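Chain by chain, the residues run as shown.
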Amino acid sequence: HCLAVRAVCQREIDYDRGNGYSWKITLLRNYWKSKVKQEWLSGKYSNIPSQFSLPEKSMYPMDVDTWGEILAAELER
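On a predicted model such as this, the values are computed, not experimentally measured, just so you know.

Engineer: Can you lay out the side chain of Lys 33 for me, pointing to particular residues and giving the numbers?
Structural biologist: For Lys 33, the position within the fold is in helix α3 (residues 23-41). Of the side chains with opposite charge, Glu 12 comes closest to the buried, unpaired Lys 33, at an N-O distance of 4.3 Å. Sequence-distant contacts of Lys 33, defined by excluding residues within four places in its chain, comprise Cys 9, Glu 12, Tyr 60, Pro 61 and Met 62.

What follows is the structure, encoded as structure tokens:
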């Protein structure tokens, strides 16, 4: 599971591991973020008519670098 999460959230996983978090804590800290981030990166929310059309679990607190990655992916589509 940790490697699957790292495939999407490499920067976040490496940061947590570098700060001494165990793999278990690192997974708990980043699991839902990786799910939401993967959905955004895959374009699942590219053509929504309004913010009200977003599912409840489409948002998650993410840093500016993560949103930058999502924006860059969106601009490439």
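Engineer: Which residues make up the packing of aromatic side chains, and what values do they have?
Structural biologist: The tally for this structure, following the rule as stated, stands at 3 aromatic pairs. Ring geometry for Trp 40 versus Tyr 45: centroids 4.9 Å apart, planes at 55 degrees, classification tilted. Aromatic rings pair up to connect Trp 40, Tyr 45 and Trp 67 into one cluster. Its end group placed over the ring of Tyr 21, Arg 29 keeps NZ or CZ at 4.4 Å from the ring centre.

Engineer: Please set out helix α4 (residues 64-76) residue by residue, giving values where relevant.
Structural biologist: An α-helix turns once every 3.6 residues. As a result, residues three or four positions apart point the same way. Given a rise of 1.5 Å per residue, 13 residues ought to cover 18 Å, and the 18 Å separating the end C-alpha atoms of α4 matches this to within 8%. Where α4 is concerned, the buried positions are Thr 66, Ile 70 and Ala 73. Seen along its axis, α4 keeps its buried residues to an arc of 60 degrees; they face one direction. Along α4, the residues that are exposed and aim more than 90 degrees away from the buried face are Val 64, Leu 71, Leu 75 and Glu 76. Turning to α4, the residues buried within the fold contact α2 (10-18) and α3.

Engineer: Give a detailed account of the nonpolar core, specifying residues and quantitative values.
Structural biologist: Ranked by size, the top nonpolar core spans 6 residues in total: Val 36, Trp 40, Tyr 45, Leu 54, Met 62 and Ile 70. Excluding anything up to four places from it in sequence, Val 36 contacts Lys 57, Ser 58, Met 59, Tyr 60 and Met 62.

Engineer: I'd like to hear about the pattern of salt bridges, residue by residue, with values.
Structural biologist: Taken as a whole and assessed by the stated rule, the structure comprises 9 salt bridges. Among the salt bridges present, the one from Arg 11 reaches Asp 63, with a minimum N-O distance of 3.2 Å. A residue pair is termed long-range when its members are at least 10 positions apart, and Arg 11 in helix α2 and Asp 63 in the loop between α3 and α4 qualify at 52 residues. Here Arg 11 falls in the partly exposed class, since its relative accessible area comes to 32%. The exposure class assigned to Asp 63 is partly exposed, which follows from its relative accessible area of 32%.

Engineer: Give me α3: which residues, what numbers.
Structural biologist: A maximum bend of about 45 degrees is found in α3 at Asn 30. For α3, the set of buried residues is Thr 26, Asn 30, Lys 33, Ser 34, Val 36, Lys 37 and Trp 40. Contacts from the buried residues of α3 go to α1 (2-8), α2 and α4. A positive phi of about 90 degrees marks Gly 43, the residue just after α3.

How each quantity is defined
- Residues numbered from 1 in each chain as written.
- Predicted model: local features only at pLDDT ≥ 70, side-chain atom pairs only at ≥ 80, totals over all residues.
- Heavy atoms only, no water.
- Helix = DSSP H or I, 4+ residues; strand = E, 2+ residues; numbered from the N terminus.
- Buried < 20%, exposed > 50% of the residue type's maximum accessible area, 1.4 Å probe, protein only.
- Lys, Arg positive; Asp, Glu negative; His and termini not counted.
- Salt bridge = Lys/Arg side-chain N within 4 Å of Asp/Glu carboxyl O.
- Contact = heavy atoms within 4.5 Å.
- Phe/Tyr/Trp six-rings, centres within 6.5 Å; stacked < 30°, edge-to-face > 60°.
- Lys NZ or Arg CZ within 6 Å of the ring centre and 35° of its normal.
- Expected span 1.5 Å × (residues − 1).
- Arc of directions from axis to C-beta.
- Core = buried A, V, L, I, M, F, W, Y, C linked by side-chain atoms within 4.5 Å.
- Bend = angle between axes of the 7 residues up to and from the residue.

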